[in-house]
Amino acid sequence: MARLPAGIRFIISFSRDQWYRAFIFILTFLLYASFHLSRKPISIVKGELHKYCTAWDEANVRFSSKAGSVAPDQLADNETDCGWAPFDKSNYQQLLGALDYSFLCAYAVGMYLSGIIGERLPIRYYLTFGMLASGAFTALFGLGYFYNIHSFGFYVVTQVINGLVQTTGWPSVVTCLGNWFGKGRRGLIMGVWNSHTSVGNILGSLIAGYWVSTCWGLSFVVPGAIVAAMGIVCFLFLIEHPKDVRCSSTLVTHSKAYENGTNRLRLQKQILKSEKNRPLDPEMQCLLLSDGKGSVHANHMVILPGDSGSATAAISFTGALKIPGVIEFSLCLLFAKLVSYTFLFWLPLYITNVDHLDAKKAGELSTLFDVGGIFGGILAGVISDRLEKRATTCGLMLLLAAPTLYIFSTISKMGLEATVAMLLLSGALVSGPYALITTAVSADLGTHKSLKGNAHALSTVTAIIDGTGSVGAALGPLLAGLISPSGWSNVFYMLMFADACALLFLIRLIHKELSCLGSATGNQVPFKEQ
C-alpha cells in the first residue's frame, strides 16, 4: 500500500473528539470576537462626532465679518466642522460618556438575568437570538448618520437595547466551552481562547477606522452585519454539549467516577462526629477556605434540588453566591473591568488629544493595547496553571499594573515611540487579571466541588462574576467622561486607585493560597491530564 499523504496522516492523528473540541474552540472564539468587534466602533467614532474647531471658528468669524461670507453657525447641523450634533457642543465629553454608560449599565443589569435565563434555554437558540438582535441595533446606531438623526435620545435608547441583548453572549460561550473542556490546563486553554476579546477589539478598530473619516455610519453598519452573520453561523453549527454528538465529556482518561464526580461526592457528605478529627486533604481545605481545623462549615455547602447523581437542577442566585470565592472575584473584577473598559472606550480619544493624531490613526494605534492584552491573558493562564494559584497570579499583575499606568500617563506625552511601548505593557498587565477571572476562574468556580457535579451552575456563576464586573465597566467610561475635562492625569489616578481596590479584594484569597502549598483556587487537581 502507498504511504498516506502527510496531510491525511496529520488529520487521522487526532481523534474524533479532539477535532470536535478544536471546532468548538474556534467557533466560540469567533462568535464572541464578533461581539467585541461591534462594541469598538463607538470609541473610534468619538473623535469624529466631535472635532476641535475653535481656531477654525475664530478665523471664519473674522473672515465673514469682512467678506460677508456665511458664518459657521448657519450651516446645517451635520455640516458643521465641529462634528455631529448634539456632540458638537462643549459638553461633548459628558454626552459621549453617557452613551458609554447607557450601554454598559444596561449590560451590567442584563447580565445578572442573562445567566439565569440562559441556563434554562438551549444555548444555540439563545445565543443566535442575541447575535441577530445585537447586529440589528449596532447597525441602527450607524443608520443615524444616513437618516440625519441628531436626537441624543435615539442614540441612548439604541445603546441601552444593544447592551441588553449583548448579555446573551458571555454566559453562553463560557458555558459551552466549559462543557467541552476538562479542567487540566484550563488557564492556558482559556487564556488563549480569551484573546478573542483583543482580536475583536483590533478588528473592530480597523473596520471602524476605515470609514470613520468619510462615512462614520458604515463604522457601525458593517460590524453589525458581521455580528448578525455570525449569529446565523451559530444557529447552523454550534454544538452545546459533547453528548449531543456522542463525544466524551472531558479531556481526561480517568475512570467514569472522576467524570461524573461520584468520587468527589464523598467530600460533600455531612461530616460524621466520628470523622471530625480527620484532617482534610490540602485541596479541599483551601478550596472551601476553611481553617483546616475540624469539619467543613455548613455554610460552604450549596444544597441543590434534584436527584442525587443527576445534577439537573439549576442553581439559585443566592446558591451561586455561597460558592467560596465568587464574591471576592466578582468585586475584584468590578474594578479590573473598570480599568479595562475605560481604555476600550476612551483610549483613541486620549491618543488623539495627546499625540495629535486623526481619528483613524488613533484607532489603529489603540489596537496595540489589545495586542498586549492577548499576551497578558495567555501569560496569566500559563502562570496560574503552573502555580495552581489563580488569585495570586491576578494579584501580582494588578500590583504591577498600577505603577505602569502612572508611567504611561507620564511618558506617553514624550512621543509616539514611548506611547507604543507603554500601550503594549499596559495592555498585558491590565487585561491579564480581567481575562483570567472571566474565563478560567469563572469556569473553576462554576464547577466547584460544593456544586456536586451540577453542570447547570456554570452559566449563573459566570453571569454573576461578569455582571458585577460590568458594573465597573459602566462606571469607568462614565467617570472618565466626567473627570477628563479637568485633565487626563486625573483619569489615570482614578484607574490606579481602581487597580489598588481590585487587589485589596483578593488579599484574603491570596493569603489562603499562599498558606496552602500546592493547592488551587479551583478544583483542578483531580482532573489533571495524564
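Residues numbered from 1 in each chain as written. Predicted model: local features only at pLDDT ≥ 70, side-chain atom pairs only at ≥ 80, totals over all residues. Heavy atoms only, no water.

### A few points about the overall build of the chain
Then comes step 1: Of the regular secondary structure elements, the chain holds 22 helices and zero strands.
Then comes step 2: When each of the 530 residues of the chain is scored for burial, the buried share is 57%.
Then comes step 3: Within the chain, counting contacts between residues at least 6 apart in sequence, those at least 24 apart form 83% of the total.
Then comes step 4: Of the roughly 22,300 Å² of accessible surface on the chain, 66% is carried by carbon and sulfur atoms. (Helix = DSSP H or I, 4+ residues; strand = E, 2+ residues; numbered from the N terminus. Buried < 20%, exposed > 50% of the residue type's maximum accessible area, 1.4 Å probe, protein only. Contact = heavy atoms within 4.5 Å. Areas by Shrake-Rupley, 256 points an atom, 1.4 Å probe, with all protein chains shown as cover.)

### Comments concerning the packing of aromatic side chains
Then comes step 1: Within the structure shown, the criterion is met by 32 aromatic pairs.
Then comes step 2: The interplanar angle of 80 degrees and the centroid separation of 6.2 Å between the aromatic rings of Trp-216 and Phe-220 together place this pair among those described as edge-to-face.
Then comes step 3: By relative accessible area, which is 4% here, Trp-216 ends up buried.
Then comes step 4: Judged by its relative accessible area of 3%, Phe-220 is buried.
Then comes step 5: Site record: aromatic cluster; members linked through ring pairs are Trp-84, Phe-87, Phe-141, Tyr-145, Phe-146, Phe-152, Phe-154, Tyr-155, Trp-216 and Phe-220.
Then comes step 6: When the ring centre of Trp-346 is taken as reference, the NZ or CZ atom of Lys-46 above it lies at 3.9 Å.
Then comes step 7: The side chain of Arg-124 reaches across the aromatic face of Phe-235, ending 4.9 Å from its centre. (Phe/Tyr/Trp six-rings, centres within 6.5 Å; stacked < 30°, edge-to-face > 60°. Lys NZ or Arg CZ within 6 Å of the ring centre and 35° of its normal.)

### A look at empty space enclosed by the protein
Then comes step 1: By the definition in use, this model includes six cavities of 30 Å³ or more.
Then comes step 2: The computed volume of the largest cavity comes to approximately 170 Å³.
Then comes step 3: Thr-197, Ser-198, Asn-201, Asp-370 and Ser-431 are, among the 21 residues lining the largest cavity, the residues nearest its centre.
Then comes step 4: Where the lining of the largest cavity is concerned, the elements lending two or more residues are helix 10 (196–211), helix 16 (326–355), helix 17 (359–387) and helix 19 (416–446).
Then comes step 5: Partitioned by chemical class, the residues of the lining of the largest cavity number eight nonpolar, 11 polar and two charged. (1 Å grid on protein atoms, 1.4 Å probe; cavity = no way out; pocket = protein on both sides within 12 Å on 5 of 7 lines; lining within 4 Å. Points joined across faces, edges and corners; volume = space filled by probe spheres on them. Nonpolar A, V, L, I, M, F, W, Y, C, P; charged D, E, K, R; others polar.)

### Here's the deal with the pattern of salt bridges
Then comes step 1: The tally for this structure, following the rule as stated, stands at five salt bridges.
Then comes step 2: Of the charged contacts, one joins Arg-508 and Glu-328 as a salt bridge, the two residues approaching to 2.2 Å between their closest N and O atoms. In this pair, Arg-508 is assigned in helix 22 (residues 507–515) and Glu-328 in helix 16, connecting sequence segments 180 residues apart.
Then comes step 3: With its nearest N and O atoms 3.1 Å apart, the salt bridge here joins Asp-385 to Arg-390. Accessibility assignment for this pair places Asp-385 and Arg-390 in one class, buried. (Salt bridge = Lys/Arg side-chain N within 4 Å of Asp/Glu carboxyl O.)

### Digging into the environment of Ser-340
Then comes step 1: In this structure, Ser-340 sits in helix 16.
Then comes step 2: In this structure, Ser-340 is in contact with Val-430 and Tyr-434, ignoring residues within four places of it in sequence.

### Thoughts on a nonpolar patch on the surface
Then comes step 1: Together, Leu-4, Ile-8, Phe-10, Ile-11, Ile-12, Phe-14 and Trp-19 give the surface a local cluster of nonpolar side chains, amounting to about 660 Å² of exposed area.
Then comes step 2: At four residues, helix 1 (residues 6–12) tops the list of elements feeding residues into the nonpolar patch.
Then comes step 3: Mapped onto the secondary structure, Ile-8 falls in helix 1.
Then comes step 4: Assessed through its relative accessible area of 39%, Ile-8 is described here as partly exposed. (Patch = residues over 30% accessible without salt bridge, like charges linked within 9 Å, V, L, I, M, F, W, Y side chains within 5 Å.)

### Some words on unusual backbone geometry
Then comes step 1: The omega angle of the peptide bond from Ala-85 to Pro-86 is 10 degrees, so this bond is cis rather than trans.
Then comes step 2: Positive phi outside glycine occurs at Glu-388, with the angle close to 55 degrees.
Then comes step 3: Among the secondary structure elements, Glu-388 is positioned in the loop between helix 17 and helix 18 (390–411).
Then comes step 4: On the accessibility criterion, Glu-388 (9% relative accessible area) is buried.

### So, helix 16
Residues three or four positions apart in an α-helix share a direction because the helix packs 3.6 residues into each turn.
Then comes step 1: Look at helix 16: 41 Å from first C-alpha to last across 30 residues, which is about the 44 Å you get at 1.5 Å a residue.
Then comes step 2: Along helix 16, the sharpest kink reaches roughly 60 degrees, centred on Trp-346 and followed within four residues by the proline Pro-348.
Then comes step 3: Counting buried positions along helix 16 yields 28 of 30 residues, so the element is predominantly enclosed.
Then comes step 4: Following helix 16 by one or two positions, His-356 adopts a phi angle in the positive range, close to 55 degrees. (Expected span 1.5 Å × (residues − 1). Bend = angle between axes of the 7 residues up to and from the residue.)

### Notes on the side chain of Ser-426
Then comes step 1: Among the structural elements, Ser-426 can be located in helix 19.
Then comes step 2: Excluding its chain neighbours within four sequence positions, the residues that come into contact with Ser-426 are Phe-369, Thr-404, Leu-405, Phe-408 and Ser-431.

### Structural notes on the confidence of the model for the chain
Then comes step 1: Scored by pLDDT, the chain comes out at a mean of 77, with 75% of its residues at no less than 70.
Then comes step 2: Low pLDDT, under 50, characterises residues 252–312; the stretch is placed with 98 contacts to residues that sit more than four places away or in other chains.
Then comes step 3: Low pLDDT (under 50) marks residues 518–530, which in the prediction has 53 contacts with non-local residues, meaning those over four places away or in another chain. (pLDDT = per-residue confidence, 0-100.)

### Overview of the nonpolar core
Then comes step 1: Of all hydrophobic cores here, the largest spans 79 residues; its most connected members are Phe-343 and Leu-495.
Then comes step 2: In terms of residue count, the dominant contributor to this core is helix 16 (18 residues).
Then comes step 3: Those residues in contact with Leu-495 that sit more than four places away from it in its chain are Leu-338, Val-339, Thr-342, Phe-343 and Leu-405.
Then comes step 4: Among the nonpolar cores identified, the runner-up in size contains 30 residues, and Leu-27, Phe-29, Val-227 and Met-230 belong to it. (Core = buried A, V, L, I, M, F, W, Y, C linked by side-chain atoms within 4.5 Å.)

### Some points on the environment of Leu-96
Then comes step 1: Secondary-structure assignment places Leu-96 in helix 5 (residues 92–118).
Then comes step 2: Residues Leu-96 and Leu-49 lie 47 residues apart in sequence; the distance between their C-alpha atoms is 9.0 Å.

### A word on the packing of helix 6 (residues 123–146) against helix 11 (residues 218–237)
Then comes step 1: At a minimum axis separation of 7 Å, helix 6 and helix 11 run at an interaxial angle of 165 degrees. Judged by the angle between their axes, helix 6 and helix 11 are roughly antiparallel. Here helix 6 runs over helix 11; the crossing is left-handed.
Then comes step 2: Its residues placed into classes, the contact of helix 6 with helix 11 shows 17 nonpolar, seven polar and one charged. (Axes fitted to C-alpha atoms, helices over the stretch in contact; angles between N-to-C directions. Parallel < 35°, antiparallel > 145°, perpendicular 65-115°, else oblique. Left-handed = near helix turned anticlockwise from the far one by under 90°.)

### Notes on the environment of Val-430
Then comes step 1: Counting through the fold element by element, Val-430 comes out in helix 19.
Then comes step 2: It is 9.5 Å that separates the C-alpha atoms of Val-430 and Phe-343, two residues lying 87 residues apart in sequence.
Then comes step 3: Once residues lying within four places of it in the same chain are set aside, the contact partners of Val-430 are Val-339, Ser-340, Phe-369 and Leu-405.

### Some remarks on the packing of helix 16 against helix 21 (residues 488–505)
Then comes step 1: Where helix 16 meets helix 21, the axes come as close as 8 Å, and the angle between the chain directions of the two elements is 160 degrees. What the angle tells us is that helix 16 and helix 21 run roughly antiparallel. Here the hand of the crossing between helix 16 and helix 21 comes out left-handed. Between helix 16, through Glu-328, Leu-331, Cys-332, Phe-335, Ala-336, Leu-338, Val-339, Thr-342, Phe-343, Trp-346, Tyr-350 and Asn-353, and helix 21, the contact on the second element is made entirely by Trp-488, Val-491, Phe-492, Met-494, Leu-495, Ala-498, Asp-499, Cys-501, Ala-502 and Phe-505.

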